[in-house]
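Okay, here's what each chain looks like letter by letter:
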Amino acid sequence: MSASELLQRYVAMWNEPDSAVRRAEVADLWTPDGLHCTQTRRFRGTEELVARVTEAYDQFVGGQGLRFRSGGDPVGHHDALAFNWVMSPGDSDAVLAVGFDVVLLDVEGRIVADYQFNEPPVASTDLDGQAERHLAAVAAGAERLRKEIADLYLPGARLVDESGVYDGVDAIAVALTAGGPRRPAGSASAQHDAFRYPWRAESGETGVDFLLRDEQGQVREHYRFAGAGQHPA
């Protein structure tokens, strides 16, 4: 299944009026112990996921006549996919709400974890400062960058972007340096073990970095999605 096909099935599931079809789609799209996280809640396993999707359907689609649709092309590589979705009135394409998801996939293309963020994020001085520290390290030079990586990342951490998978301080430094310095392009946000922030490169390229961190805030997985995070106003 392609990234576009997965996104279309994912969005259609939230709009599906038939409860049996919704359940079947949840069971097919996620692994049996799959995870879905919102800003404040966590749902794990088929039963909790079905309840989550049904709750959203009853509130927004069945209850208010709204619908969910994709907010642009997905950006995916390796075992991850990032995309925007929008919520609109059932009879128009007006944008009432925007979300941003990162889904991590198993080898069969089923969702292992799904992290859902609200757009735009609520500005946070602390989170924005953390994002600035990650992005500023590249511009500070190779020695400072290696020290920052050693401090911010776990020893076994990896960085994954469209060009490959990078393990260890030296490899991560190379990946972060590629394309030159980047600066924040909006507010950062966090939920549970996930942290994400948008960026803009000097070339004009934009994207989103998505980090999974331990309880001390050290990065264990870092995904870079060039081109992600562009959505209707």
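All figures in this text were calculated on a predicted structure; none of them were measured in a lab. (Residues numbered from 1 in each chain as written. Predicted model: local features only at pLDDT ≥ 70, side-chain atom pairs only at ≥ 80, totals over all residues. Heavy atoms only, no water.)

Enquirer: Help me understand unusual backbone geometry in this model?
Expert: The phi angle of most residues is negative, glycine excepted, and most peptide bonds adopt the trans form. The peptide bond linking Glu-119 to Pro-120 adopts the cis configuration, its omega dihedral lying at -10°. Its location among the elements puts Pro-120 in the loop between strand E7 (111-119) and helix H4 (125-139). Phi at His-78 takes a positive value of approximately 55°, unusual for a residue other than glycine. Positionally, His-78 belongs in the loop between strand E4 (75-77) and strand E5 (80-89). At His-192, a position not held by glycine, the phi torsion is positive, near 50°. Within the secondary structure layout, His-192 lies in the loop between strand E11 (189-191) and strand E12 (194-201). Here His-192 falls in the partly exposed class, since its relative accessible area comes to 39%. (Helix = DSSP H or I, 4+ residues; strand = E, 2+ residues; numbered from the N terminus. Buried < 20%, exposed > 50% of the residue type's maximum accessible area, 1.4 Å probe, protein only.)

Enquirer: Whenever I open this one, the packing of aromatic side chains confuses me. Can you help?
Expert: For any pair of aromatic rings, the description consists of the separation of the ring centres together with the inter-plane angle of the planes. A complete count under the given rule lists eleven aromatic pairs for this structure. Summarising the aromatic geometry, the rings of Phe-195 and Tyr-197 are spaced 5.5 Å apart at their centres and angled 55° between planes, so their arrangement reads as tilted. In this pair, the class of Phe-195 matches that of Tyr-197, namely buried. A connected cluster of aromatic rings, assembled from ring pairs, spans Tyr-10, Trp-14, Trp-30, Phe-60, Phe-68, Phe-83 and Trp-85. One residue, Arg-213, lies across the ring of Phe-195, its end atom 4.3 Å from the ring centre. A cation over an aromatic ring shows up here: Arg-224 above the ring of Trp-199, its NZ or CZ 5.3 Å from the ring centre. (Phe/Tyr/Trp six-rings, centres within 6.5 Å; stacked < 30°, edge-to-face > 60°. Lys NZ or Arg CZ within 6 Å of the ring centre and 35° of its normal.)

Enquirer: Would you explain the nonpolar core in this entry?
Expert: Nonpolar side chains in soluble globular proteins generally cluster together in the buried interior. Counting 25 residues, the largest nonpolar core has Met-13 and Trp-30 as its most contacted members. Among the elements of the structure, helix H1 (3-15), helix H2 (19-29), helix H3 (46-64), strand E3 (66-70), E5 and strand E6 (97-105) are those that each provide at least two residues to this core. Excluding residues within four positions of it along the chain, Trp-30 makes contact with Tyr-10, Met-13, Leu-35, His-36, Leu-49, Arg-110, Ile-111 and Asp-114. (Core = buried A, V, L, I, M, F, W, Y, C linked by side-chain atoms within 4.5 Å. Contact = heavy atoms within 4.5 Å.)

Enquirer: Where do I start with the packing of H4 against helix H5 (residues 142-152) in this structure?
Expert: In helix packing, the relevant descriptors are the interaxial angle and the interaxial distance, both defined with respect to the helix axes. The geometry of H4 relative to H5 is characterised by a closest axis approach of 8 Å and an angle of 150° between their N-to-C directions. Classed by the angle they form, the pair H4 and H5 counts as roughly antiparallel. When the axes of H4 and H5 are compared, the crossing they make is left-handed. Facing Arg-133, His-134, Ala-137 and Val-138 of H4, the residues of H5 in contact are Arg-144, Leu-145, Glu-148, Asp-151 and Leu-152. Within the contact of H4 with H5, the residues separate by chemical class into four nonpolar, one polar and four charged. (Axes fitted to C-alpha atoms, helices over the stretch in contact; angles between N-to-C directions. Parallel < 35°, antiparallel > 145°, perpendicular 65-115°, else oblique. Left-handed = near helix turned anticlockwise from the far one by under 90°. Nonpolar A, V, L, I, M, F, W, Y, C, P; charged D, E, K, R; others polar.)

Enquirer: How do you make sense of the side chain of Arg-196 when you look at a structure like this?
Expert: Here Arg-196 lies in strand E12. A polar atom in the side chain of Arg-196 sits 3.0 Å from the side chain of Glu-119. Setting aside residues up to four positions removed in sequence, Arg-196 forms contacts with Phe-100, Phe-117, Asn-118, Glu-119, Pro-121, Ala-188, Ser-189, Val-208, Asp-209 and Phe-210. (Polar contact = N/O pair within 3.5 Å; in protein donor to acceptor, adjacent residues only side chain to side chain.)

Enquirer: Can you walk me through the packing of H2 against H3 in this structure?
Expert: Where H2 contacts H3, the two axes come as close as 9 Å, and the packing angle between them is 130°. By the criterion of interaxial angle, the relationship of H2 to H3 is oblique. As H2 runs across H3, the sense of the crossing is right-handed. Between H2, through Arg-22, Arg-23, Val-26 and Ala-27, and H3, the contact on the second element is made entirely by Thr-46, Glu-47, Leu-49, Val-50, Val-53, Thr-54 and Tyr-57. Its residues placed into classes, the contact of H2 with H3 shows six nonpolar, two polar and three charged.

Enquirer: Would you mind showing me how to read the pattern of salt bridges here?
Expert: Pairs can form between side chains of opposite charge whenever their charged atoms are close. Overall, the coordinates contain 16 salt bridges when judged by the stated rule. For Arg-158, the salt bridge is made with Asp-79, and the minimal N-O distance between the two is 3.0 Å. On the criterion of sequence distance, the pair formed by Arg-158 in strand E8 (residues 153-161) and Asp-79 in the loop between E4 and E5 is long-range, its members being 79 residues apart. Exposure remark for Asp-79: the relative accessible area of 22% places this residue in the partly exposed category. A salt bridge links Arg-146 to Asp-170; the nearest nitrogen and oxygen atoms lie 2.8 Å apart. Here the residue Arg-146 occupies a position in helix H5, and Asp-170 occupies one in helix H6 (residues 169-177), the gap between them amounting to 24 residues. Three or more residues joined by partner-sharing salt bridges are found here, namely Arg-133, Arg-144, Glu-148 and Asp-151. (Salt bridge = Lys/Arg side-chain N within 4 Å of Asp/Glu carboxyl O.)

Shape descriptors only; they carry no functional weight alone.
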